[in-house]
Each structure stands twice: as C-alpha cells, then as structure tokens.
Amino acid sequence: MMKKRAAIAFLCLLFAAPLRAGIMAAATRVIYPQDHREVSLMLANTNSYPVIVQSWVDNGEGDPESNLAPFVVLPAVFRLSPGERQGLRIIYNQDTLPSDRESVFWLNLYEIPPVTDKQSQQSRLTLAMNTQLKLFWRPKSITATLKDVVNQLTFRLVQDNSGWAIAVNNPTPLNISFTSIALVNDTVEQSALSQMDMMTRAFSEKRYPLEAANATLKEGKIRYRYLNEDGASIEKTVPLDR
C-alpha cells in the first residue's frame, strides 16, 4: 500500500511549493521476486516545475542515513523536468532474508522543490515530500499469490483495553494490506479505526480497534478490502470466527 509523509526540513534559503507530491509512480507497490536480478519502476513528474528526487529503500524510517535495507536504487539522485519520466532500477544485494515468508521494505521518493532568485534572498521553511511505497521481497519458495491465500485469514472480535477490536490472524507467508475492515450485519456496520499502515504481516496476528469504544454488534460478518498484487482494492465478506 502507498503512503506519503510530509518531511519537514530546514533547507537553506529555500521556499516550498504547495504541499503535494508531484512524483507519480507507475505502481503503488513493488513486488521483488527472489529470482529477478533487478526490478524497475517508472516515475513521472506531474508538477509544473522541475524537482530533484532522492530515492532509497529502508525499513520505514524515511531517513536515507538509516538505510540498512539490502537494496540499491539507481539512480539515487536525479532531476526531473515537468512532464519528464525516469525509470528506477531496484537491485537486491543478496543479503540473507527469510526464505519462508515475504519481507517488507519501503521505497522512498523524496522530492525537493525548486529555488528562484527571489526566493533565495529570503529565509523560508521548506516542505519536501517523501512518497513511500511498500516493497515486498518474495522468496522463490512462495508460488501462491494474494488471491490464493486471502481466504485463509480468520477474524475474531476481541476485547482490547477498554474497547473492542477485530483480531486478524494471517497464517500465510504473504503480507496482507487492508484499506478497511468492518463488522457488519443487515442493518449495522462498525468499522475499525483507520491506521497509517493496515497490514497484517505473514504468520502473525494484528488487532484493529473498532471506532466505537463499546461494540454494540457482537455478531455478524466481516467486510474488508485488501490490496491485491497490482495494488487494486478488492472487497470480500467472510464469517466472523468463533
């Protein structure tokens, strides 16, 4: 699933363009099969002005200085004119990763707006946009797709602190990213709180608190939307596990 963070930095004598990421990627997620030498991703600058872009892969920190992920992105720094496109090459450095499940990383696209002569004479606060896309490294031992495994998920209603939550158990080797989860019956729907990252990792369980502190709906079905291999949101309705 793709997320965008406003990374605030004091960049000497710069002035920010409006807070909107103008670098658009051809996909909202990257799947990296182990047997590929590299994968590529096309970018386009939809801004009306040129930008400098820095790209790297990390564990979600959004900081190139803390980059410990086993991937190299080329080019690491480049300039894009308005409407121009640029292909990125993502290369796995062969560090050892788990062979029984997907590993998750983040591809960062940090764009810096331009400076004009007039702006350079003033001290301003610059807002630079960092767009983050999930990168899933998939070992060759896994041949199933998200469509194949999503039916193995189970959903339980559990007490969580002073309220209620939907506990999602993922017994599969793939990571499942949700866009929404709700407990529903014919007349009532209680949604889980939206989170920055609604992903249940492989072979793990995660709790998603309900918006209502006291759930009035104790039975029904689960309606959820998850992101498939192409990043499209797919809706499913399944029984609540007892």
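Look up: the structure comes first, before these words.
Residues numbered from 1 in each chain as written. Predicted model: local features only at pLDDT ≥ 70, side-chain atom pairs only at ≥ 80, totals over all residues. Heavy atoms only, no water.

Under the definition given, this model contains 9 salt bridges. Measuring nitrogen to oxygen at the nearest pair gives 3.7 Å for the salt bridge that ties D160 to R207. Here D160, found in strand β11 (residues 154-160), pairs with R207, found in strand β16 (residues 204-209); they are 47 residues apart in sequence, far enough to count as distant. Members of the salt-bridge network, linked through shared partners, are E102, R138 and E229. (Salt bridge = Lys/Arg side-chain N within 4 Å of Asp/Glu carboxyl O. Helix = DSSP H or I, 4+ residues; strand = E, 2+ residues; numbered from the N terminus.)

It is worth spelling out the sheet that holds β16 at this point. Across the sheet, which stays open at both edges, the 3 strands sit in the order β11-β12-β16 with antiparallel pairing between neighbours. A strand with exactly one partner marks an edge of an open sheet, and here the two such strands are β11 and β16. Each strand of the sheet is rotated relative to its neighbour by a mean of 30 degrees, with strand direction disregarded. When strand β12 (residues 163-170) meets β16, the two strands line up antiparallel, connected through 6 bridges. If you follow I166 over to β16, its bridge partner there is Y208. (Pairing = 2+ DSSP bridges. Axes fitted to C-alpha atoms, helices over the stretch in contact; angles between N-to-C directions.)

With that settled, consider the sheet that holds strand β2 (residues 23-25). In spatial order, the strands read β2-β4-β8-β6; together these 4 strands make up an open sheet with antiparallel pairing. Taken across any chain shown, the strands that pair with only one partner, and hence form the sheet edges, are β2 and β6 (71-74). Looking at each pair of strands side by side, their axes are set apart by 30 degrees on average, direction ignored. Bridging between β6 and strand β8 (residues 85-92) involves 4 bridges; their strand directions are antiparallel. Bridge pairing in β8 places L74 opposite R89.

A word on the nonpolar core. Judged by nonpolar contacts, the single largest core of 25 residues is most densely connected at Y32, V57, F71, I90, F105, L107 and L135. At the level of secondary structure, the elements contributing two or more residues to this core comprise β3 (29-33), β4 (39-45), β5 (51-58), β6, β7 (77-80), β8, β9 (103-112) and β10 (126-138). Excluding residues that lie within four positions of it along the chain, L107 makes contacts with V30, L41, W56, V57, V73, I90, T131, Q132 and L133. Grouped together as the second largest cluster of nonpolar side chains are 23 residues, M198, Y208, Y224 and V238 included. (Core = buried A, V, L, I, M, F, W, Y, C linked by side-chain atoms within 4.5 Å. Buried < 20%, exposed > 50% of the residue type's maximum accessible area, 1.4 Å probe, protein only. Contact = heavy atoms within 4.5 Å.)

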